[in-house]
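# Chain and residue survey
So you can see what is in the structure, the chains are spelled out below.
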Amino acid sequence: MSVAKSDYKRVTTKSLFDMKQKGEKISMLTAYDYTMAKIVDTAGIDVILVGDSASNVMAGHETTLPITLDQMIYHASSVVRAAERALVVVDLPFGSYQSDSKEALRSAIRVMKESGGHAVKLEGGKEIKESIKKILQAGIPVMGHLGLTPQSIYKFGTYTVRAKEEAEAEKLIEDAQLLEKIGCFALVLEKIPAKLAQRVAESISIPVIGIGAGAGVDGQVLVLHDMVGMTHEFSPRFLRRYMNLFEDMTKAISQYAADVKSRDFPNANEQY
């Protein structure tokens with residue numbers, strides 16, 4: 001069933017709730033800088049996630065763990081300046097909210113005040129409940145994140161599909177319902193079985209956005225650099241590449257280098 005796209009001049013947390021109620025799917029992509037965020041926003045994406053995946057795609061780290069709060073604020077500030085329509089959600093990085101709820105609140109306040117972001121995203125369920133409640137009490141919108149939580153990669157030891165066993169699946173459902181109850185406005189489910197993700201989406205009223213979680217959820221998110229093919233080493237089943245920018249950009253840059261060497265660039269029309 002196709003659903004007409006709503007014409008939102010500015011997407012808000014309420015907009016996402018309304019989309020779920022109407023059966024309209026939510027589109028979400030990452031962005032980490034002004035230029036790319038401007039393109040993503042102009043293209044009509046509903047939510048821009050300033051993800052801690054910047055640690056991987058922007059800085060070249062193996063995991064998301066090394067990126068700092070200051071670095072996340074820098075990336076988020078760049079994105080906010082570009083976004084005119086999309087809701088901008090900013091990841092709180094590893095170490096900025098797990099130790100105690102007061103530190104979590106301080107981190108979230110810094111993100112909101114210094115970057116201008118519209119909401120924050122935290123990984124985890126019951127174990128970070130107090131941190132989420134503290135942030136929400138300050139009037140800061142929170143998006144949850146369950147399933148494969150990359151900040152816990154050393155605990156998991158692998159990036160494999162989560163919640164395949166009944167006990168973990170039940171805990172995930174309980175955590176999702178808890179996040180809704182305490183006031184999260186939306187939830188990301190990463191790399192879990194599609195049937196379980198649909199079950200979660202149908203059991204709560206807040207939007208559920210999936211990455212590697214099947215089609216039965218309320219929206220989808222991908223890492224922009226993966227989706228447009230700038231990265232090429234990473235090829236999980238859930239990733240659809242809409243372009244091959246790695247190949248196209250490599251060819252273009254190689255041609256530029258060759259043109260400079262051969263004195264073809266600049267030509268007579270390209271100088272003053």
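Preceding this paragraph is the structure being described.
Reference entry: report on the structure contained in this document. This one's a predicted model, so the numbers in the text were calculated from it and none came from an experiment.

Here is what the cut-offs are and how they apply
- Residues numbered from 1 in each chain as written.
- Predicted model: local features only at pLDDT ≥ 70, side-chain atom pairs only at ≥ 80, totals over all residues.
- Heavy atoms only, no water.
- Helix = DSSP H or I, 4+ residues; strand = E, 2+ residues; numbered from the N terminus.
- Expected span 1.5 Å × (residues − 1).
- Buried < 20%, exposed > 50% of the residue type's maximum accessible area, 1.4 Å probe, protein only.
- Contact = heavy atoms within 4.5 Å.
- Axes fitted to C-alpha atoms, helices over the stretch in contact; angles between N-to-C directions.
- Parallel < 35°, antiparallel > 145°, perpendicular 65-115°, else oblique.
- Left-handed = near helix turned anticlockwise from the far one by under 90°.
- Nonpolar A, V, L, I, M, F, W, Y, C, P; charged D, E, K, R; others polar.

## Overview of the environment of Gly-124
- Assignment of secondary structure puts Gly-124 in the loop between β4 (119-121) and α6 (129-137).
- Considered as a pair, Gly-124 and Pro-66 are 58 residues apart in the sequence and their alpha carbons are 18 Å apart.

## Section: helix α4 (residues 69-82)
- For α4, with 14 residues, the first-to-last C-alpha span of 20 Å sits near the 20 Å given by 1.5 Å per residue.
- Extensive coverage of α4 is indicated by the burial of 10 of its 14 residues.
- When we look at burial in α4, the residues that qualify are Leu-69, Met-72, Ile-73, His-75, Ala-76, Ser-77, Ser-78, Val-79, Val-80 and Ala-82.
- Tucked into the core, α4 has its buried residues touching α2 (34-42), β2 (47-50), α3 (54-57), β3 (87-91) and α5 (101-115).

## Side note on the packing of α5 against α6
- In the contact formed by α5 and α6, the axes pass within 8 Å of each other and the chain directions differ by 45 degrees. For the element pair α5 / α6, the angle class is oblique. As for how α5 packs across α6, the hand of that crossing is right-handed. Across from Ser-101, Lys-102, Ala-104, Leu-105 and Ala-108 in α5, the residues of α6 making contact are Glu-130, Ser-131, Lys-134 and Ile-135.
- Grouping the constituent residues of the contact of α5 with α6 by class yields four nonpolar, two polar and three charged.

## Some remarks on the side chain of Ser-53
- For Ser-53, the location among the structural elements is in the loop between β2 and α3.
- Exposure remark for Ser-53: the relative accessible area of 13% places this residue in the buried category.
- Excluding anything up to four places from it in sequence, Ser-53 contacts Thr-30, Tyr-32, Thr-64 and Val-223.

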